[in-house]
Amino acid sequence: MKGAPIDQKWNVPATEESPLEGGFRAEFEVTTERGGPRYGELIEEVRTFMDKVRYASPTPELADEIIDDLKLFNAKLDTLLVDEWHTPSGTRVDLPSRGNITLPPYEVIDGGEDGVTASVEFRRFHLGGNGVAHGGHVAVVFDDLGGMAATLHVHGIARTAYLTVNYRSLTPLETPLTMRTWAERREGRKIFVKGTLHDGDRLCADMEALFIQLRPGQA
Ligand SMILES: CCCCCCCCCCCC(=O)SCCNC(=O)CCNC(=O)[C@H](O)C(C)(C)COP(=O)(O)OP(=O)(O)OC[C@H]1O[C@@H](n2cnc3c(N)ncnc32)[C@H](O)[C@@H]1OP(=O)(O)O
């Protein structure tokens, strides 16, 4: 298991009673093949590039060279752009963070109605300052894995209403950390979610959030 529990029903077919799976298109499909067998490697290479950009101090000549190279890469990708429902980035459940380039990479260890446990590693480009992770990046992972816990709990798509993070100690980069998220209680469409982020036994951060289960067809 990497980006999401693969055996869960993420894609519930539309019916007359439920024409859309709230906020998601009915034909939304998770995949392990889109983007090809080396798609994970491609994403990893981009993350490595971002790590290096974060710490590099290029000469003007090297910056010129890299800009030209990047323009070539962007032109290549321009020929293959699709909508969000058909991109591998976000739907490849076999890859860290479902192959989503915008998320810090995590691997789901266990996920179901009772909650989600994942191993997350902040990269060098997630630097906040003084060698540790930016608090905003910590919140992004809590949002995604909190949303996953809410979704698995109610078997339906949920969206964040609020999310509060308490930063209890510094969050290191390039270190496997453990994030846990779980639904504490549910009141109708309201799912109250909690979460923790640990470096070994040390608590780095915890969170409380409210997710709202979307109604069928709700955007
Ligand atoms: C492979 C697949 C992986 C799947 C796993 C992937 C997981 C990804 C998760 C990512 C999650 C996101 O980032 S989502 C993106 C960030 N969030 C957003 O953009 C949300 C923007 N806001 C909205 O769209 C809306 O405000 C909603 C949907 C949150 C709520 O609107 P609504 O549906 O019309 O509901 P509404 O009637 O207003 O509220 C319902 C109840 O909740 C309460 N409520 C609503 N908001 C709040 C609030 N901030 N604080 C307190 N209470 C609130 C109301 O008082 C009401 O209580 P009562 O009167 O019933 O008692």
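Keep in mind it's a predicted model, so treat the numbers as computed, not measured.

Chemist: What is the right way to look at the side chain of aspartate 144 in this model?
Modeler: You can see aspartate 144 is positioned in helix α3 (residues 135-154). Within the structure, the side chain of aspartate 144 is placed 3.1 Å from the side chain of arginine 98, a separation counted as a polar contact. For aspartate 144, the contacting residues outside a window of four places in its chain are Arg98, Leu103 and Tyr106.

Chemist: Sorry if this is basic, but what is going on with the nonpolar core here?
Modeler: Side chains of a nonpolar character, in soluble globular proteins, are inclined to be buried together. One finds Tyr106, Phe122, Leu145 and Leu197 to be the most contacted residues of the largest nonpolar core, which totals 35 residues. At the level of elements, β1 (106-112), β2 (115-120), α3, β5 (158-167), β6 (177-187), β7 (190-199) and β8 (202-213) are the ones that each hand at least two residues to this core. Of all the elements, α3 adds the most residues to this core, at ten residues.

Chemist: I tried to follow the site of the ligand on my own but got confused; where do I start?
Modeler: Taken together, 17 residues surround the ligand, and among them Asp143, Thr160, Arg189, Lys190 and Gln218 come closest. Here an oxygen atom of the ligand sits 2.7 Å away from a polar atom, N or O, in the side chain of aspartate 143. Between the ligand and arginine 189 there is a distance of 3.1 Å, counted from an oxygen atom to a side-chain nitrogen or oxygen. When the free accessible area of the ligand is taken as 1,300 Å², the share hidden by the protein chains comes to 54%. When residues of the shell around the ligand are traced back to their parent elements, those giving at least two are α3, β5 and β8.

Chemist: Would you mind going over the UniProt feature "domain: Thioesterase" (unreviewed entry) in the protein with me for this structure?
Modeler: When the UniProt feature table is mapped to this numbering, "domain: Thioesterase" (unreviewed entry) covers residues 130-202. A distance of 19 Å separates the end C-alpha atoms of residues 130-202, which is 27% helix and 47% strand.

Chemist: Looking at this structure, I do not really get the pairing of β7. What am I missing?
Modeler: Across the ten residues of β7, seven count as buried, placing the element largely inside the fold. As judged from the nine bridges shared by β6 and β7, these two strands associate in the antiparallel manner. Paired with arginine 185 across the bridge in β7 is phenylalanine 192. The antiparallel hairpin formed by β6 and β7 contains two residues in its connecting segment, where glycine 188 sits at a positive phi of about 60°.

Chemist: Can you help me understand helix α1 (residues 39-55) in this one?
Modeler: With 17 residues, α1 extends 25 Å between its outermost C-alpha atoms, agreeing within 8% with the 24 Å of an ideal straight helix rising 1.5 Å per residue. Three or more residues of α1 are buried, namely Tyr39, Ile43, Arg47 and Asp51. Looking straight down α1, one finds its buried side chains confined to an arc of 130°; they lie on one side. Those residues of α1 that are exposed and angled more than 90 degrees off the buried face are Glu45 and Lys52.

Chemist: For this particular structure, what's the right way to read the sheet that holds β1?
Modeler: One open sheet accounts for six strands, arranged β1-β2-β6-β7-β8-β5; its pairing is antiparallel. The sheet is open, and its two edges are formed by β1 and β5, each paired on a single side. Between one strand axis and the next, the sheet turns by 20° as a mean value, whatever way the strands run.

Chemist: For this particular structure, what's the right way to read the packing of aromatic side chains?
Modeler: To describe a pair of aromatic rings, one takes the distance between the centres and the angle between the planes. By the definition in use, this model includes zero aromatic pairs. Positioned over the ring face of tyrosine 55 is arginine 54, at 6.0 Å from the centre of the ring. Geometry around tyrosine 55 places arginine 124 over its ring, the cationic atom sitting 4.3 Å from the centre.

Calculation rules
Sequence order sets the numbering: in each chain, residues are counted from 1 along the sequence as written. With pLDDT at 70 or above as the cut-off, local features in this predicted model cover only qualifying residues; side-chain atom pairs require 80 or more to be listed or tallied, and sums for whole chains, interfaces and linings still use all residues. To obtain the side-chain values, all non-hydrogen atoms of the structure were used and water was disregarded. Helical segments are the DSSP runs of H or I of at least four residues, strand segments are the runs of E of at least two, and each set is numbered from the N terminus. Here a polar contact is taken to be a pair of N or O atoms separated by no more than 3.5 Å, where protein atoms must pair a possible hydrogen donor with a possible acceptor and residues adjacent in sequence count only if both atoms sit in side chains. In this analysis, two residues are considered to be in contact whenever any of their non-hydrogen atoms come within 4.5 Å of each other. Note on terminology: a nonpolar core comprises buried Ala, Val, Leu, Ile, Met, Phe, Trp, Tyr and Cys residues joined through side-chain atoms within 4.5 Å. For every residue, the accessible area (1.4 Å probe, protein chains only) is compared with the maximum for its type, and the residue is labelled buried under 20%, exposed over 50%, or partly exposed between those bounds. Residues are counted as near a molecule or strand when any one of their heavy atoms sits within 4 Å of it. Per-residue and other accessible areas were derived by the Shrake-Rupley procedure at a 1.4 Å probe size, with only the shown protein chains allowed to occlude residues. UniProt positions are given in the numbering used here, feature names are shortened, and annotations may be inferred rather than shown by experiment. Strands are labelled as partners when DSSP assigns at least two bridges between them. Under the convention used throughout, the expected extent of a helix is 1.5 Å for every residue step, that is, one less than its residue count. The reported arc concerns the directions from the helix axis to the C-beta atoms and nothing else. All axes here are fitted lines through C-alpha atoms, helices being fitted over the stretch that makes contact, and every angle between N-to-C directions spans 0 to 180 degrees. Aromatic pairing here means that ring centres of Phe, Tyr or Trp (its six-membered ring) are within 6.5 Å. Orientation follows from the plane angle: under 30 degrees is stacked, over 60 is edge-to-face, and everything else is tilted. Put simply, a charge is over a ring when the Lys NZ or the Arg CZ is close to the ring centre, within 6 Å, and near the line of the ring normal, within 35 degrees.

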